[in-house]
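# Structure at a glance
Chain by chain, the residues:
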Amino acid sequence: MKINFNKNNDGLVPVIVQDNETKNVLMLGYMNEAAYARTIATEKVTFFSRTKQRLWTKGEESGNFLNLVSIQNDCDKDTLLIKVNPVGPTCHKGSDTCWNEENTMSYGFISQLEDTIQNRKENKEDEKSYVASLFREGMNKIAQKVGEEAVEVVIEAKDDNDDLFLNESADLLFHYLILLQAKGYKLNDIVNVLKSREK
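Counting restarts for each chain, with residues numbered from 1 along the sequence as it is written. In view of the model being predicted, local features appear only for residues whose pLDDT reaches at least 70, and side-chain atom pairs are presented and counted only at 80 or more, with totals across whole chains, interfaces and linings using the full set of residues. Excluding hydrogens and water, the side-chain figures rest on all heavy atoms present in the structure.

### Looking at the pairing of strand 4 (residues 54-57)
- When DSSP finds two or more bridges between two strands, those strands count as paired. Put simply, DSSP H or I for four residues or longer makes a helix, DSSP E for two residues or longer makes a strand, and each gets a number counted from the N terminus. Sheet analysis places strand 3 (residues 46-49) next to strand 4, joined by four bridges and oriented antiparallel. Each residue of the ladder has a partner; that of Thr46, found in strand 4, is Thr57.
- Between strand 3 and strand 4, which pair antiparallel one after the other, the connecting turn spans four residues, and Gln53 there sits at a positive phi close to 55 degrees.

### Here's the deal with the layout of surface pockets
- When its volume is computed, the largest pocket comes out at roughly 500 Å³.
- Only protein atoms enter the 1 Å grid used here, on which a cavity is any set of points holding a 1.4 Å probe that cannot leave and a pocket is any open set flanked by protein within 12 Å on both sides along at least five of seven lines; residues with an atom within 4 Å of a point are listed as lining. Around the largest pocket, the lining is made up of 23 residues, and of these Met27, Ser49, Trp56, Lys58 and His92 lie nearest the centre.
- Tallied by class, residues from the lining of the largest pocket come to nine nonpolar, nine polar and five charged. Grid points are joined across faces, edges and corners, and a volume is the space filled by probe spheres set on the points. Note on residue classes: Ala, Val, Leu, Ile, Met, Phe, Trp, Tyr, Cys and Pro are nonpolar, Asp, Glu, Lys and Arg are charged, and everything else, Gly too, is polar.

### Some points on the nonpolar core
- Residues Val17, Met31, Leu66, Leu80 and Ile82 are the most contacted members of the largest nonpolar core, which totals 20 residues.
- Listing elements by their share of this core, those giving two or more residues are strand 1 (13-19), strand 2 (25-31), helix 1 (33-42), strand 3, strand 5 (66-73) and strand 6 (80-86).
- Residue contacts are defined here by distance: any two heavy atoms, one from each residue, within 4.5 Å place the two residues in contact. Those residues within four positions of Val17 in sequence are excluded, and the remaining contacts are Asn24, Val25, Leu26, Met27, Phe47, Leu66, Ile82 and Val84.
- Within the second largest apolar cluster, 14 residues are counted, among which are Ile110, Ile142, Leu179 and Val191. Among buried residues, the Ala, Val, Leu, Ile, Met, Phe, Trp, Tyr and Cys ones that are joined through side-chain atoms within 4.5 Å form a nonpolar core. Each residue is assigned to one of three classes by its accessible area relative to the maximum for its type, calculated with a 1.4 Å probe on protein chains only: buried under 20%, partly exposed between the two thresholds, exposed over 50%.

### Points about helix 2 (residues 109-122)
- For a helix, the expected span equals 1.5 Å multiplied by the number of residues minus one. Between the first and last C-alpha of helix 2 there are 20 Å, a value that for 14 residues agrees with the 20 Å anticipated at 1.5 Å per step.
- Three or more residues of helix 2 are buried, namely Ile110, Ser111, Leu113, Glu114 and Ile117. Along the axis of helix 2, the buried positions cluster into a sector of 155 degrees, meaning they face one direction only. Across helix 2 from its buried face, at more than 90 degrees, point the exposed residues Phe109, Gln112 and Glu122.
- Taken together, the buried residues of helix 2 touch helix 3 (130-137), helix 5 (162-182) and helix 6 (187-196). As used here, the arc belongs to the directions running from the helix axis to the C-beta atoms.

### So, the packing of helix 2 against helix 3
- The interhelical angle for the contact between helix 2 and helix 3, taken along N-to-C directions, is 50 degrees, at an axis separation of 8 Å. It follows from the interaxial angle that helix 2 and helix 3 lie oblique. For the pair helix 2 and helix 3, the sense of crossing is right-handed. Counting all contacts with helix 2, which are made through Ile117, Arg120 and Lys121, the residues of helix 3 involved are Val131, Ala132 and Phe135.
- Per-class residue counts for the contact of helix 2 with helix 3 are four nonpolar, no polar and two charged. All axes are obtained by fitting lines to C-alpha atoms, using only the stretch in contact for helices, and the reported angles, taken between N-to-C directions, cover 0 to 180 degrees. Angles are sorted into four bins: roughly parallel if under 35 degrees, roughly antiparallel if over 145, roughly perpendicular if 65 to 115, and oblique for all others. Throughout, a crossing is termed right-handed when the near helix is turned clockwise from the far one, and left-handed when it is turned anticlockwise from it by less than a right angle.

### Regarding the pattern of salt bridges
- A side-chain nitrogen of Lys or Arg and a carboxyl oxygen of Asp or Glu constitute a salt bridge if their distance falls within 4 Å. If you walk through the whole model with that rule in mind, you get seven salt bridges.
- The residue Lys186 makes a salt bridge to Asp115 at a minimum N-O spacing of 3.7 Å. Here Lys186, found in the loop between helix 5 and helix 6, pairs with Asp115, found in helix 2; they are 71 residues apart in sequence, far enough to count as distant.
- Classification of Lys186 as partly exposed rests on a relative accessible area of 25%.
- Put simply, Lys145 and Glu149 hold a salt bridge, and the shortest N to O gap is 3.8 Å. Remark: Glu149 and Lys145 occur in helix 4 (residues 139-157); sequence separation between them is four residues, near one turn of the helix.
- On the basis of relative accessibility, which here comes to 15%, the residue Lys145 falls in the buried class.
- The exposure class of Glu149 is buried, given its relative accessible area of 6%.

Pasting the structure below:
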């Protein structure tokens, strides 16, 4: 990999560190050629510390290492994207990221929908929503709705109306997310089961 360490007078290139699993950005650091070489050799991300003026392997004191997964060079060959499997929090202040964010898996809109469902569940006695009413009726009603929606998806899959098929599929996924939370789980728990089956 050709990296332009000479673009800046200090011989450093910025390094964006991203969690390989969650895809969240964990921190920004800097590397010189020696830090890059040590990172490759040890498979633990090493920076050039501008404060300490020396090579610094993240986790050398705390044990919160950044285990190397991959390194990508940007289009100008002067910025690196390093994907890692972090051990513990990344920020020296103890947070998951240097932006004080939790390093949790997010599925975008689906995660937002799960948060809404959770809110309806927690406030089921006061909410007037459809979801809250399902939680009030209990597990049997929620499971029944998933079964009904699953049958409707199968029926629509055999027909040629894509719009109906997609709408019934959305209904099934929506009710399945409700069922998961009724059982105390979220989508990420199912994803982890699927990952465990990967060969």
